[in-house]
Amino acid sequence: MNPLKATGVPAKSGVNKTIIDFLDKAVEKKVFDAVIVPMKTPAQDSYSYVLVKEKSLLKEDGVPLPPTMFIQGAKAVSSITRRGKPPMKIAAVMRPCEIRAAIEIAKLGQIDLENIFLISMDCPGVLPTSDFLKDPKKHEQLFEEAIQKNDDSIMRPVCQICDKSSMIAGDLHIGTVGTKKGTFLIISNTSKGENVLKELGYTLNESIESWQKKVTAISADKKKKRKKAHAELKSKVSGLKNLVETFSECINCHNCMRVCPVCICRLCYFDSDKVKHTADDYLSRAKSKGSMRFLPDTTLFQMGRMMHMSISCVSCGACEDACSMSIPVAQIFSMIADETQSVFDYVSGRSIDEPIPLVAYEKEELSSVEDAHD
Amino acid sequence: MEIKIGVYICECGPNIAEKIDIEKVINAISSLEDIAVVEKFSLLCSADGKKYLSEQIKKNKLTHLVIAACSPKEHEKTFMEVCEQGGINPFLFQMANIREQCAWVTEDKDEATKKAIRLIKAAIKRVGYHASLDKKMIESNPNVLIIGGGIAGMEASLQLASKDRKVFVVEKNDSLGGLVQNFEKSFDDMKLTSEILDKKIKQIETNENIKVFTNSEVAEAIGFFGNFEINIVSQSNETEPVTINVGAIVVATGSNLIDLTDNTQYGYKKLDNVLTSIDFEQMNLSGNITLKNGKKPKSVAIVHCVGRDEKGYCSEICCMYSLKFSRYLKDKIPSVAINHLYSDLCIPGKHHQNFYEETKTDKISFSRSSDIKITQKGEQLNLTYSDEKNKTTNLLADMVILSPAIAPTNDAAKIAAITGISRDEQGFFEEEHEKINPVSTSTDGIFIVGCAQGPKNIADSIVQSEAAAGKILSSLIPGKKLEPEIKTSHISESFCIGCKTCLTVCSYGAITFDETKKVSVVNEVICRGCGNCVAACPSGAAHSKHFNFNQLYQELKEAVE
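Calculation notes
- Residues numbered from 1 in each chain as written.
- Chains lettered and ligands numbered in written order.
- Predicted model: local features only at pLDDT ≥ 70, side-chain atom pairs only at ≥ 80, totals over all residues.
- Helix = DSSP H or I, 4+ residues; strand = E, 2+ residues; numbered from the N terminus.
- Rg over C-alpha atoms; globule rule 2.2 N^0.38 Å.
- Buried ≥ 20, exposed ≤ 12 C-beta atoms within 10 Å, placed from the backbone.
- Contact = placed C-beta atoms within 7 Å.
- Domains from an automatic or database assignment.
- Nonpolar A, V, L, I, M, F, W, Y, C, P; charged D, E, K, R; others polar.
- Right-handed = clockwise from strand over helix to strand, strands pointing away.
- Pairing = 2+ DSSP bridges.
- Axes fitted to C-alpha atoms, helices over the stretch in contact; angles between N-to-C directions.

Caption draft 1: Layout of the overall build of chain B. Scanning chain B for helices and strands turns up 17 helices and 28 strands. Compactness check: chain B gives a C-alpha radius of gyration of 31 Å against a globular reference of 24 Å for 561 residues, more than 25% above the reference. Along the first, second and third principal axes, the C-alpha set of chain B runs to 100 × 60 × 45 Å. Out of the 561 residues in chain B, the part that is buried amounts to 44%. Here the contacts in chain B between residues at least 6 apart in sequence split such that 68% fall between residues at least 24 apart.

Written out as structure tokens, the structure reads:
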């Protein structure tokens, strides 16, 4: 592990401007060849990830901390590097949960991080897409105000209970909370990140103590809220009856799976022929249950997805945003994820060096099964 | 094609007949879909039973066969052969185990009968989803590569070489013989080691079916049982690399002593006259046991169990050769006093206790000790240690011989990487199973013998070489084709996401990664169908041919209905 080292940069024009300035400088000095960063779309009403080499474009439209998350950044980076590392150095600027998702799927060969520099920032949360779309201008304003007031009540429900909003998993991180007035921090987490800062001529002698203190406090506070929210949720959804009821609104569109950064299967099992049965089969199921609701297997789909990816879930909330039936999927998944991950003392995307528990081959586990049969 | 399933229930003498109401079972399943015939028979695995079954298959024009009888572990192969005799593919067959799983364990006859019906129904359902799988036959190369020309490797090569089987021995040093060539005599017969060695080396050198590559290393070994391609390079780079083809590999790369260079406790390489066992063997072999100052030692301390605690295992042979050292010393310097310091004496074997009793005289003592520290005291060496009563004791000696733990050779990791065999916690090559497959590895066709597998004496090393040779002689027969596993895994190219998880869980090296397509590919000749990849694949791309999802799902559904 590389120790965190930081440099201070002037914060006067806000976090977006600060990050853009930094990227601008880095592209200018050819430390990065290109940047993938959220940008405002030409219609000015939404944001998307754009791979950009042109500096002027970056300065004009780049918004490193947009009010919404239309696309989970890990999916964007995966699109670029799925077939191998890019031939140029790309800085990917994303929220901490997006970076963690990127690291998580890098472990499954879906992202090649070799030429990618992951840059995160303290995240205030994101607005639910549906809220934002009602009035983009107004919500941009609301988002800004919410940041100023440290108010997360208009953010996605999972953002409100996110205890990892400043987690540094990538190479560089922009610290904005608890810092000296008028100063933000650029913190390096890896030797790769440290080299970037050195190449740009920064001296890494800024203390991160007050930032760390603030982050710890926010995280502790959110953790408390998270625990409480999960406990409430648990009482509502646990047990098969409650679970079936919760997911009874599911229309089987599988949007949640499609937007999920860690759902990486080419073909979801639940989209395959394996879950398409004959009328006979359905009849016998209807007979044994008394009746059967169609479309079938909605709860099974949710539970199957939970089994499959809860260990890698980063609680980003993309699924819940995509749910046209407003099922609190992200909240349920974040609750399950916390529990499954804690079994293995694992935090998804925390470090590229931690193998995903379910795919880590532990020989001892094999012999413990063997011994049980002796 | 019309499906006609025949179900045959074995009474297994009284085993099943007395515990299960077979008539009731027949009634319950006779009217099921696709059932052509349901019959019972007294003992299906008997010669009469097998004949009856194959006739039934033909007579009833069956397409699928279900046998309700004992465990498939016992007779699956038997009935698969019957299928072939009857003219149906042996994989269009399923067994329901109503003996071990019902008759033998369920006391209540009604319950046992119910359970048997469920299991048979599940087997009937499953067999309908079976696919014909064809046997594959591959040509095999009978030749054998032996890595390491020590006593174990030499023995294996002599056992294996014949006019229709060439043996290639790759030895990294400039001559055959290995560690043993340092020894003057062998424990416990005290015969000249050179006599055994010279004889074996001569036999190898004059055997036209053995080719020895000295000063050479194996740089690459690719392939699988029956067909390995080996690349041999000369260390001196004087000769061109050589490529040979073999069907099996015997790894006989021996062992090392643990490295004591950084050890501060025993003063090795820091104090004069502190030797390791190998140093002493060599000094003894030179015929001149002397101190640094040229004088003969009047007292020698032999320290056993050096490094045992750190390593966590007893190296098995040190006590024995340490006793042998006493004999060396007594033969050459009759007046010498010898002190053995040991943690535990380990002298198993049917003759060895006698050897110990005969060695022990008033000038050769044995003391149990721990926390030994060796320092210089004048001309002599001072050994400070805790004795059996935990009392700190001092012992002066002119010379100290250390018996360090036996450790894997320095190139063990490299050889493991080249051959694809695994190593155990200590770094020795790992056998497939300690008890039932002690010389096989998880890779079919690669065997480990001698100290490469763990510390052992000459006799045990030779036994292992003979065992490995036996395995190879019985399975890799010149001119005979090999029949690889049929129930292999398959990875779907369109579903594979290229995460390479399967590569890490495959114990047989059967999966490779296609870098252009970014997908994993199973080599069906190497795959043993263990199912590791199927279980680990996060995207459902890997499946097992005879245990595919649908087969298991249908079977399970019927069993729990």
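Caption draft 2: Molecular detail of the domain arrangement of chain A. Residues and elements named next belong to chain A. In terms of domain boundaries, chain A breaks down into domain 1 (5-225) and domain 2 (229-372). The centre of domain 1, based on its C-alpha atoms, is set 29 Å off from the matching centre of domain 2. Taken residue by residue, the interface counts 27 residues in domain 1 and 24 residues in domain 2. Elements represented by at least two residues in the side of domain 1 that touches domain 2 include exactly helix H3 (73-81), helix H4 (96-106) and helix H7 (157-160). Of the residues that constitute the side of domain 1 that touches domain 2, the class distribution is 17 nonpolar, 3 polar and 7 charged.

Caption draft 3: Molecular detail of the pairing of strand E5 (residues 144-147) of chain B. Residues and elements named next belong to chain B. With burial as the criterion, each face of E5 is covered, one bearing Val-144 and Ile-146 and the other bearing Leu-145 and Ile-147. Each parallel crossover has a hand, and for E5 linked through helix H7 (residues 151-160) to strand E6 (residues 167-170) it is right-handed. Looking at chain direction, E5 and strand E13 (residues 248-251) are connected through 4 bridges and run parallel. Its bridge partner being in E13, Ile-146 is matched across the sheet by Val-250.

Caption draft 4: Spotlight on the interface of chain A and chain B. If you look at the interface, chain A gives 12 residues, while chain B gives 15 residues. Class assignment for the residues of the side of chain A that touches chain B results in 7 nonpolar, 2 polar and 3 charged.

Caption draft 5: Here's a closer look at the pairing of strand E10 (residues 216-224) of chain B. Residue and element names in this part refer to chain B. With 8 bridges joining them, E10 and strand E11 (residues 227-234) adopt antiparallel strand pairing. Within the sheet, the bridge partner assigned to Phe-224 lies in E11 and is Asn-227. As consecutive antiparallel partners, E10 and E11 are separated by 2 residues, and within that stretch Gly-226 has a phi angle of approximately 100 degrees, a positive value.

Caption draft 6: Highlighting the sheet that holds strand E19 (residues 370-377) of chain B. Residues and elements named next belong to chain B. With respect to topology, 3 strands assemble into an open sheet ordered E19-E20-E21, the strand pairing being antiparallel. Two strands bound the open sheet, and with one partner strand each, they are E19 and strand E21 (392-397). On average, each strand axis in the sheet is inclined to that of its neighbour by 20 degrees, with strand direction left out of account. As paired strands, E19 and strand E20 (residues 380-386) are joined by 6 bridges and run antiparallel to one another. Bridging across to E20, Lys-373 finds its partner in Thr-384.

Caption draft 7: Main features of the environment of Cys-313 of chain A. All names here are of chain A. Residue placement: Cys-313 occurs in the loop between helix H13 (298-309) and helix H14 (318-322). A residue is classified by how many C-beta atoms lie within 10 Å of it, and Cys-313, with 30 of them, is buried. Look past the residues within four positions of Cys-313 in its chain and what remains in contact with it is Val-262, Phe-333, Ser-334, Ala-337 and Ser-348.

Caption draft 8: Structural context of the environment of Ile-151 of chain B. Residues and elements named next belong to chain B. Here Ile-151 shows up in helix H7. Exposure remark for Ile-151: the 31 C-beta atoms within 10 Å place this residue in the buried category. Residues Ile-151 and Gly-178, spaced 27 residues apart in sequence, show a C-alpha to C-alpha distance of 6.6 Å. Sequence-distant contacts of Ile-151, defined by excluding residues within four places in its chain, comprise Gly-178, Val-180, Gly-450, Ile-458, Ser-461 and Ile-462.

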